[in-house]
Amino acid sequence: FKSTVAQMGTALSELQIKTLFSKGDEIIFCYDKDEAGKKAEAKSIEIALSIITPQKTLSFINFTEVKDADELLNKFGKEEMQKAIEARLPLHAKIFNDLGGETDFKNPNQVSLLEQKLIDFCSRIQNEVIRKNYLSYFKDKIYKSKFQNKKPKIEAPLFNQSNFKTRDEILYLLLKAHPFLKDSDFYNENF
């Protein structure tokens, strides 16, 4: 894999991130899934929040069956590593998944807590355009997550025709409920 750098522990600095961005527009992080890797990942994100722009972004490889890139390559080969790279999570998706992973979206307190965490995260983004669009993305994700498992509510019809005998009764009740309809061209032409 070209353009690959091995970082030593949690030693990543702002200068190193800027140097990496000078070589390309996206940094794909591939941290171990142990506690040290999680801390390094969090530190990388924190440092990058003052640097990312619409053109310069971060993504993360998310391991599920292995602990690190070395194990992935040794067990499954370069094709699986390439698939992991292609399935990488952009920063905004990673943050939503990490912070919202255990949220019960039917519980307004939990949703409020998640929203506050996401607002706090966005407040640390220096670039105003990125900050605004991340907030918009997070609000949209919260909204969709609250309703994704619910069936759409079907509105009951205003009038059940079986209760009325004539067209005139239906029209009378409709006009009584919505008097502005009398002024419409449709009403004047048809009734």
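Residues numbered from 1 in each chain as written. Predicted model: local features only at pLDDT ≥ 70, side-chain atom pairs only at ≥ 80, totals over all residues. Heavy atoms only, no water.

S.K.: Requested: an account of the packing of helix α5 (residues 91-100) against helix α6 (residues 108-123), with residues and values cited.
M.R.: Viewed as axis vectors pointing N to C, α5 and α6 meet at an angle of 140°, and their least axial separation amounts to 10 Å. Taken together, the axis directions place α5 and α6 in an arrangement best described as oblique. The interaxial crossing formed by α5 with α6 has right-handed handedness. Only L114, K117, L118 and F121 of α6 make contact with α5, whose side of the interface consists of I95, F96, L99 and G100. Split into classes, the residues belonging to the contact of α5 with α6 amount to six nonpolar, one polar and one charged. (Axes fitted to C-alpha atoms, helices over the stretch in contact; angles between N-to-C directions. Helix = DSSP H or I, 4+ residues; strand = E, 2+ residues; numbered from the N terminus. Parallel < 35°, antiparallel > 145°, perpendicular 65-115°, else oblique. Left-handed = near helix turned anticlockwise from the far one by under 90°. Contact = heavy atoms within 4.5 Å. Nonpolar A, V, L, I, M, F, W, Y, C, P; charged D, E, K, R; others polar.)

S.K.: Talk me through the side chain of E71; I want residue IDs and the actual numbers.
M.R.: As for its position among the elements, E71 is in helix α3 (residues 69-76). Setting aside chain neighbours within four positions, we find E71 in contact with E65, V66 and F76.

S.K.: Please provide a residue-by-residue account of unusual backbone geometry, values included.
M.R.: Even without glycine at this site, S3 takes up a positive phi of about 55°. By the element assignment, S3 lies in the segment before α1 (14-23). Residue classification places S3 among the exposed residues on the basis of a relative accessible area of 80%. (Buried < 20%, exposed > 50% of the residue type's maximum accessible area, 1.4 Å probe, protein only.)

S.K.: An account of the pairing of strand β1 (residues 26-29) is needed here, citing residue identities and associated values.
M.R.: Here β1 shows one buried face, formed by I27 and F29, and one open face, formed by E26 and I28. In this sheet, strand β2 (residues 57-60) lies alongside β1 in parallel orientation, the contact comprising four bridges. Bridge pairing in β2 links E26 to T57. Regarding topology, helix α2 (residues 35-48) serves as the crossover connection from β1 to the parallel β2, and that connection is right-handed. (Pairing = 2+ DSSP bridges. Right-handed = clockwise from strand over helix to strand, strands pointing away.)

S.K.: Can you explain the pattern of salt bridges? Please cite residues and give values.
M.R.: Inspection of the entire model under this criterion finds 10 salt bridges. With a shortest N-O distance of 2.8 Å, D25 and K56 are connected by a salt bridge. Within this pair, whereas D25 is found in the loop between α1 and β1, its partner K56 is found in the loop between α2 and β2, the two being separated by 31 residues in sequence. The salt bridge partner of K94 is D98, with a shortest N-O separation of 2.7 Å. (Salt bridge = Lys/Arg side-chain N within 4 Å of Asp/Glu carboxyl O.)

S.K.: Run through the packing of aromatic side chains, naming residues and quoting values.
M.R.: The tally for this structure, following the rule as stated, stands at seven aromatic pairs. Seen from their ring centres, Y134 and F138 are 6.0 Å apart, and the 85° between their planes marks the pair as edge-to-face. Within this pair, Y134 and its partner F138 are both found in helix α7 (residues 128-147), separated by four residues, close to a single helical turn. Exposure remark for Y134: the relative accessible area of 9% places this residue in the buried category. Among the aromatic residues, those joined into a ring-pair cluster are F96, F105, F121, Y134, Y137 and F138. (Phe/Tyr/Trp six-rings, centres within 6.5 Å; stacked < 30°, edge-to-face > 60°.)

S.K.: If you had to explain the packing of α3 against helix α4 (residues 78-86) to someone new, which residues and values would you point to?
M.R.: Two elements in contact, α3 and α4, have axes separated by 7 Å at closest approach and are oriented at 135°. In terms of orientation, α3 and α4 fall into the oblique class. Within the contact between the two elements, α3 uses A69, L72, L73 and F76 and α4 uses K78, E79, E80, M81 and A84.

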